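Below are the chains, spelled out letter by letter.
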Amino acid sequence: MASSVTVIGHPLIQHKLTLMRRAETSTAKFRLLMTEISMLLAYEVTRDLPLKYESINTPLCLMNAPVLASDKKLVIVSIMRAGQGILDGMLQLMPSARVGHIGLYREPTTLEPVEYYFKVPHDIQERDMIVVDPMVATGNSAAAAVQRLKEINPRSLKLVCLLAAPEGISNFHEQHPDVPIFTAAIDEKLDEHGYIVPGLGDAGDRLFGTK
Ligand code: URA
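On a predicted model such as this, the values are computed, not experimentally measured, just so you know.

Caption draft 1: Representation of the UniProt feature "binding site: uracil" (unreviewed entry) in the chain in the model. In this numbering, the UniProt entry assigns the feature "binding site: uracil" (unreviewed entry) to Ile-196, Gly-201, Asp-202 and Ala-203. Among the secondary structure elements, Gly-201 is positioned in the loop between strand E12 (196-197) and helix H6 (203-208). For Gly-201, the contacting residues outside a window of four places in its chain are Met-135 and Tyr-195. You can see Asp-202 is positioned in the loop between E12 and H6. Discounting chain neighbours no more than four positions away, the residues touching Asp-202 are Arg-81 and Tyr-195. Engagement of the side chain of Asp-202 in a polar contact is seen with the backbone nitrogen of Gly-204, the distance being 3.0 Å.

The structure is reproduced here in structure tokens:
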């Protein structure tokens with residue numbers, strides 16, 4: 001299957017992303033921007049959700065009106081801890097989505113992901129999953145998370161991030177050519193510590209004020 005990367009170049013997303021990149025942006029502002037961008041990303045990534053028609057009463061008459069077709073709710077899976085920022089924004093738009101969490105940390109010398117937490121809804125087989133991780137740097141964490149989720153066989157998987165490095169995209173798609181990536185931007189490269197350049201720094205630290 002052909003791998004796909006969609007860069008969502010909407011001007012509002014691009015403007016907000018630039019504000020997030022600025023080193024002087026405060027934690028509170030960074031968090032708000034992350035929520036706002038995530039709502040816009042959610043709009044784009046759910047474009048292909050199927051609709052069905054239901055008969056409803058408006059104050060004026062009966063009509064056949066569109067509603068989401070899937071009776072099994074979407075699952076948003078956050079790669080902890082920075083994924084929480086995107087999750088919060090997406091839940092504002094899709095409040096009844098189900099939520100999963102995967103805890104992975106990057107082993108600092110090898111940059112390989114190590115799993116420390118895994119909790120997702122149990123009836124996953126008929127559900128579509130959106131995996132969220134703001135920074136696809138080496139792509140190792142996202143690839144490991146998706147590999148773990150494939151073991152429980154969801155109906156479909158998509159990966160949503162804010163920033164991706166070209167190296168991360170190639171690495172991810174080598175392992176998961178069937179999983180489309182949606183990102184607000186593809187940056188230039190990774191530095192020797194595995195940070196995306198120009199990037200926005202450590203997304204988790206900036207989101208939670210832990211630096
Ligand atoms: N994770 C981050 O938070 N930032 C990067 O630049 C790379 C990985």
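Caption draft 2: Expanded view of the site of the ligand. In the neighbourhood of the ligand, the contacting residues comprise Arg-106, Met-135, Ala-137, Gly-194, Tyr-195, Ile-196, Gly-201, Asp-202 and Ala-203. Backbone polar atom of Gly-201 to a nitrogen atom of the ligand: 2.8 Å apart, as the coordinates give it. In this structure, an oxygen atom belonging to the ligand sits 2.7 Å away from a main-chain N or O atom of Ala-203. When the ligand sits alone it has 240 Å² of accessible area, and the protein chains cover 89% of it. Looking at side-chain class alone, the shell around the ligand contains five nonpolar, two polar and two charged residues.

Caption draft 3: Fine view of the packing of helix H4 (residues 140-150) against helix H5 (residues 166-175). Where H4 contacts H5, the two axes come as close as 9 Å, and the packing angle between them is 20°. It follows from the interaxial angle that H4 and H5 lie roughly parallel. The hand of the H4/H5 crossing is right-handed. The segment H4 lies against H5, with Asn-140, Ala-142, Ala-143, Val-146 and Lys-150 engaging Asn-171, Phe-172 and Gln-175. Here the residues of the contact of H4 with H5 sort into four nonpolar, three polar and one charged.

Caption draft 4: Region of the structure containing the pattern of salt bridges. All told, the structure shown has eleven salt bridges when counted by the stated rule. Residues Glu-115 and Arg-148 are paired through a salt bridge, measuring 3.0 Å at the closest nitrogen-oxygen approach. Separated by 33 residues along the polypeptide, Glu-115 in strand E6 (residues 113-119) and Arg-148 in helix H4 bring together distant segments of the chain. We classify Glu-115 as partly exposed; its relative accessible area is 38%.

Caption draft 5: Region of interest: the packing of aromatic side chains. Going through the model one piece at a time under the given rule, you end up with one aromatic pair. One residue, Arg-148, lies across the ring of Phe-118, its end atom 3.8 Å from the ring centre.

Caption draft 6: Region of the structure containing the UniProt feature "binding site: 5-phospho-alpha-D-ribose 1-diphosphate" (unreviewed entry) in the chain. Annotation from UniProt places "binding site: 5-phospho-alpha-D-ribose 1-diphosphate" (unreviewed entry) at Arg-81, Arg-106, Asp-133, Pro-134, Met-135, Val-136, Ala-137, Thr-138, Gly-139, Asn-140, Ser-141 and Asp-202. Locating Thr-138 in the fold gives a position in the loop between strand E8 (135-136) and H4. Excluding its chain neighbours within four sequence positions, the residues that come into contact with Thr-138 are Arg-106, Leu-111, Glu-167, Gly-168, Asn-171 and Leu-190. Within the structure, the side chain of Thr-138 is placed 3.1 Å from the backbone nitrogen of Asn-140, a separation counted as a polar contact.

Parameters and conventions
- The numbering scheme is per chain: residues are counted from 1 as the chain's sequence reads.
- Owing to the predicted nature of the model, reporting of local features is limited to residues with pLDDT of at least 70; listing and counting of side-chain atom pairs is limited to 80 or more, with chain, interface and lining totals taken over all residues.
- Calculation of side-chain values draws on the structure's entire complement of heavy atoms; hydrogens and water are dropped beforehand.
- UniProt positions are given in the numbering used here, feature names are shortened, and annotations may be inferred rather than shown by experiment.
- Helix numbering and strand numbering both begin at the N terminus, where a helix is a DSSP run of H or I of at least 4 residues and a strand a DSSP run of E of at least 2.
- Contacts between residues were defined by any pair of non-hydrogen atoms, one from each residue, lying within 4.5 Å.
- Any N or O atom pair separated by 3.5 Å or less is treated as a polar contact, with the protein-specific requirement of one donor-capable and one acceptor-capable atom, and with residues adjacent in sequence counted only for side-chain atom pairs.
- In these notes, residues near a molecule or strand are those with any non-hydrogen atom within 4 Å of it.
- Every accessible area reported is derived by Shrake-Rupley at a probe size of 1.4 Å, with residue values counting cover from the shown protein chains alone.
- Throughout this entry, Asp, Glu, Lys and Arg are counted as charged residues, while Ala, Val, Leu, Ile, Met, Phe, Trp, Tyr, Cys and Pro are counted as nonpolar. The remaining residues, Gly among them, count as polar.
- Note on geometry: axes are C-alpha line fits, over the in-contact stretch for helices, and angles between N-to-C directions span 0 to 180 degrees.
- Oblique is the label for every angle not falling under 35 degrees (roughly parallel), over 145 degrees (roughly antiparallel), or within 65 to 115 degrees (roughly perpendicular).
- By definition, any crossing whose near helix is turned counterclockwise from its far helix by less than a right angle is left-handed, and any crossing with a clockwise turn is right-handed.
- A pairing counts as a salt bridge when a side-chain nitrogen of Lys or Arg comes within 4 Å of a carboxyl oxygen of Asp or Glu.
- For the exposure calls, accessible area comes from a 1.4 Å probe over protein chains only, and a residue counts as buried if that area is under 20% of its type's maximum, exposed if over 50%, partly exposed in between.
- Aromatic pairs are defined between Phe, Tyr and Trp rings, using the six-membered ring for Trp, whenever the two ring centres lie within 6.5 Å; interplanar angles under 30 degrees are classed as stacked, those over 60 as edge-to-face, and all others as tilted.
- Our definition puts a charge over a ring when NZ of Lys or CZ of Arg is within 6 Å of the ring centre and also within 35 degrees of the ring normal.

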